[in-house]
Amino acid sequence: MGQDTQTRDSGATARTPDDRVEDARVENYLQVLGISKDFDNFRAVNEASFSIRKGEIFALLGASGCGKSTLLRVLAGFEVPTAGSIVLDGQDIAGLPPHRRPINMMFQSYALFPHMSVEKNIAFGLKQDGMARAEIADRVAGLLKLVRMTEYARRKPHQLSGGQQQRVALARSLAKGPKLLLLDEPMGALDRKLRGEMQLEVVDIIERLGVTCVMVTHDQDEAMTMAGRIAVMDQGRICQIGEPGDIYEQPASRFTAEFIGSVNILDGRIAEDYPDYVVIAGDALETPIYVGHGVTGFAEMSCAVAIRPEKMKLSHDEPAQKYNKARGIIQDIAYFGSHSTYYVRLPSGFVMRTILLNAQRWAAEEFTWNDDVWISWGDNSGVVLTS
Amino acid sequence: MSARPRRPILPPLLMWLGFVFLYAPIVILIVYSFNESRLVTVWGGWSTKWYMELIQDQQMMDAAWRSLKIAFLTAWAAVVLGTMAGIVMVRCQRFRGRTLFSGMITAPLVMPDVIIGLSLLLLFVSMSKWIGWPEARGMVTIWIAHVTFCTAYVAVVVSSRLKDFDMSLEEAAMDLGADRLKTFLVITLPIISPALVAGWLLSFTLSLDDLVIASFVSGPSSTTLPMQVFSSVRLGVSPKINALATILVVLVSLAALLGWWLMRLEDKRMRRDMQLAARE
């Protein structure tokens, strides 16, 4: 990665066409173009397109049945796409069977061969390539060291714990030095506590080897922790592609806003439309909403404002600001230790979620059930959703 | 003292009744095989003379050897064909005539032996008339007949094992560069091998046991052990048969015990390993 940036900087003055071709190969290392997959009148993947930089970790995120796994299986070659093409490092691989693709996959169930020891499992792919025995032994030893499993080399998969099995599965999928690594729900089979540790460890290993990686997950925390960019999928389509921060703070659609994290969505229409701000009037609030960014739209257009609960303030006294406030009664409190979520019922009946960080001990005790409170938020807290 | 809970009487009693019902005939048979008397139902003191007579009965020994040969060859052929059929039934979800195929494969399970025997006899007779083969009925025709119905059993055993086979194992092998054939040979086959062993043993015993079908399709010089036993019993029950039956029972029990012991050993090891792995 570091090397790539360097060549780009130093070559900025005298760029040759060759450099540009090389750049394009790095930028568009994997190109997925208009992939669709039909199963008997059911469209599982609908014209999915994206491209991935070399060395990037890219996540396909969506609820179960959104087509993310099918898309991954298309990349691996287990499903033949109905339409579209896949170009990996300048080579069209859509027509290749799985065993000829320079792609390896780590399966959700790990799919370790139960009748083979850990080292035989890792060596399996290298053996298929007809590599010399001594060389295989070297490679396997290196991989075992990489995933810290050297002392378990002779064990069978059933003699390993979940986390150990996953390390072996990772080592096996990295053994052949694939151009593209696919991870199918990589933490799906682990318990919650182990998950957090393994997420960072897996990312660390993948980045150390500089492997390009596409992962599939339904867990947004996992996608945000592990991936550099995320594609949010719904009903076979890719809704939005972006870095975790973009997806969270600048959702492009109502679906993305609701799917990632928790959010209050207030329906309304544009009351005042200016280049650098809009005022939105809605039925849920008594005061209009002032949003500090421009919108491509027109006055009276119906839209929605999404406000994340942690971007709101809760107070007993009425805030001084003219816009972006609402009064209500605390209907429910969920205490999480690190933070508390308050469900505040507004006079219109709308229930607003706000999160308060418990920055000091017993901070949560300031508000209790049935308190009359004021909610307020800043100009930059809300995002206008037009779709 | 009076507070001592009463031990239940009925469940153990029922269990022992069941055991007696199942095993008393076999025990009686074994005991009578050591009978001195020529009459099967009259006790005349201990002796092993019927075992000596059995070994000297060349006809009986030939029939036993023939039956073992047929059973051995049947088991292998049935495992190969039955595995192929099982794979087609589970893996090839759509092809024309799939329902007909699985129906026909499993038909011998529900068809009476008499009908299978008779239909095969008719087949062999008309085949020898039209194409001149088989010239005469004998071991080969018995073998073909046994393979036919044993294949059905193997197909059922293998297909039920394949149904809970984790497909991602095969996909993982292909993903790592193995083609379909190689994947089948080094991944699928070893993993379903317990089903193949079970199918083999089942076929072996079914073939060894069969009387009805073999009677239809056998020829003059191809009497199997059950046929030999049956015909000699019809001339009058000899204690020799008891001796033969005892030998068979002992052999079968030993094989079953060995299998059970090996399985328990494997199971124990597996459980210990898993506990160790979980503790780490």
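Residues numbered from 1 in each chain as written. Chains lettered and ligands numbered in written order. Predicted model: local features only at pLDDT ≥ 70, side-chain atom pairs only at ≥ 80, totals over all residues. Heavy atoms only, no water.

> When you look at the interface of chain A and chain B in this model, what are you seeing that I'm missing?
On the chain B side, the residues contacting the 28 residues of chain A number 23 residues. Carbon and sulfur atoms supply 58% of the area that chain A and chain B bury against each other, a total of about 2,200 Å² over both sides. On the chain A side of the interface with chain B, the three residues burying the most area are His99, Gln128 and His158 of chain A, jointly 25% of the side's total. On the surface where chain A and chain B come into contact, there are one salt bridge. Linking Glu171 of chain B and Arg73 of chain A is a salt bridge whose minimum nitrogen-to-oxygen distance equals 2.7 Å. Remark: the boundary between chain A and chain B carries nine residue pairs in polar contact (both at pLDDT 80 or more). Looking at the side of chain A that touches chain B, the elements with two or more residues in it are β6 (103-106), α4 (118-128) and α6 (162-174) of chain A. Classifying every residue of the side of chain A that touches chain B by side-chain character gives 13 nonpolar, ten polar and five charged. (Contact = heavy atoms within 4.5 Å. Buried area = accessible area lost by both parts, 1.4 Å probe. Salt bridge = Lys/Arg side-chain N within 4 Å of Asp/Glu carboxyl O. Polar contact = N/O pair within 3.5 Å; in protein donor to acceptor, adjacent residues only side chain to side chain. Helix = DSSP H or I, 4+ residues; strand = E, 2+ residues; numbered from the N terminus. Nonpolar A, V, L, I, M, F, W, Y, C, P; charged D, E, K, R; others polar.)

> Just to check I follow, could you spell out a positive patch on the surface for this structure?
On the surface, a cluster of positive charge is made up of Lys120, Lys127, Arg133 and Lys156 of chain A together with Lys182 of chain B. Topologically, Arg133 of chain A is positioned in helix α5 (residues 133-146). (Patch = residues over 30% accessible without salt bridge, like charges linked within 9 Å, V, L, I, M, F, W, Y side chains within 5 Å. Areas by Shrake-Rupley, 256 points an atom, 1.4 Å probe, with all protein chains shown as cover. Lys, Arg positive; Asp, Glu negative; His and termini not counted. Charge placed at Lys NZ, Arg CZ, Asp CG, Glu CD.)

> When you look at the pattern of salt bridges in this model, what are you seeing that I'm missing?
Pairs can form between side chains of opposite charge once their charged atoms are near each other. All names here are of chain A. With the rule as written, the count across this model stands at 23 salt bridges over all chains. Residue Lys179 pairs with Asp89 through a salt bridge whose shortest N-O separation is 3.3 Å. Here Lys179, found in the loop between α6 and β7 (180-184), pairs with Asp89, found in the loop between β4 (83-88) and β5 (91-92); they are 90 residues apart in sequence, far enough to count as distant. The class for Lys179 is partly exposed, based on a relative accessible area of 29%. Where Lys176 meets Asp129, a salt bridge forms, and the shortest distance between an N and an O atom there is 3.3 Å. (Buried < 20%, exposed > 50% of the residue type's maximum accessible area, 1.4 Å probe, protein only.)

> What exactly am I supposed to notice about the sheet that holds strand β12 (residues 278-282) of chain A here?
Backbone hydrogen bonds hold the strands of a sheet together, and the pairing may be parallel or antiparallel. Residues and elements named next belong to chain A. The strand order β13-β12-β11-β14-β20 describes an open sheet built from five strands, whose pairing is antiparallel. Strand pairing shows two members of the sheet lacking a second neighbour, β13 (289-291) and β20 (382-385), which therefore form its edges. Put simply, the sheet's adjacent strands are angled 40° from each other on average, direction ignored. (Pairing = 2+ DSSP bridges. Axes fitted to C-alpha atoms, helices over the stretch in contact; angles between N-to-C directions.)

> Please clarify how the packing of aromatic side chains should be interpreted in this entry.
For any pair of aromatic rings, geometry is given as the distance between the ring centres together with the angle between the planes. Scanning the model with the defined rule gives 19 aromatic pairs over all chains in all. Grouping aromatic residues by their ring pairs yields a cluster made of Tyr32, Phe34, Trp43, Trp46 and Tyr51 of chain B. Positioned above the aromatic ring of Phe113 of chain A is the side chain of Arg172 of chain A, whose terminal nitrogen or guanidinium carbon lies 4.6 Å from the ring centre. Across from the ring centre of Tyr248 of chain A, 4.0 Å away, lies the NZ or CZ of Arg308 of chain A, which sits over that ring. (Phe/Tyr/Trp six-rings, centres within 6.5 Å; stacked < 30°, edge-to-face > 60°. Lys NZ or Arg CZ within 6 Å of the ring centre and 35° of its normal.)

> Would you explain a nonpolar patch on the surface in this entry?
Together, Met15, Trp16, Phe19, Phe21, Leu22, Tyr23, Ile26, Val27, Val31, Trp43 and Trp46 of chain B line one region of the surface with nonpolar side chains, adding up to about 1,200 Å² of accessible area. With respect to the secondary-structure elements, Leu22 of chain B resides in helix α1 (residues 10-32).

> Please clarify how α5 of chain A should be interpreted in this entry.
Note on helix geometry: an α-helix contains 3.6 residues per turn, so any two residues three or four positions apart are oriented the same way. Residue and element names in this part refer to chain A. End to end, α5 covers 20 Å across 14 residues, agreeing with the expected 20 Å (1.5 Å per residue, within 8%). Considered for burial, the residues of α5 that qualify are Ile136, Val140, Leu143, Leu144 and Leu146. Buried residues in α5, looked at end-on, bunch into an arc of 155°, giving them a common side. Set apart from the buried face of α5 by more than 90 degrees, the exposed residues are Ala134, Asp138 and Lys145. Turning to α5, the residues buried within the fold contact α4, α6 and α7 (192-209). (Expected span 1.5 Å × (residues − 1). Arc of directions from axis to C-beta.)

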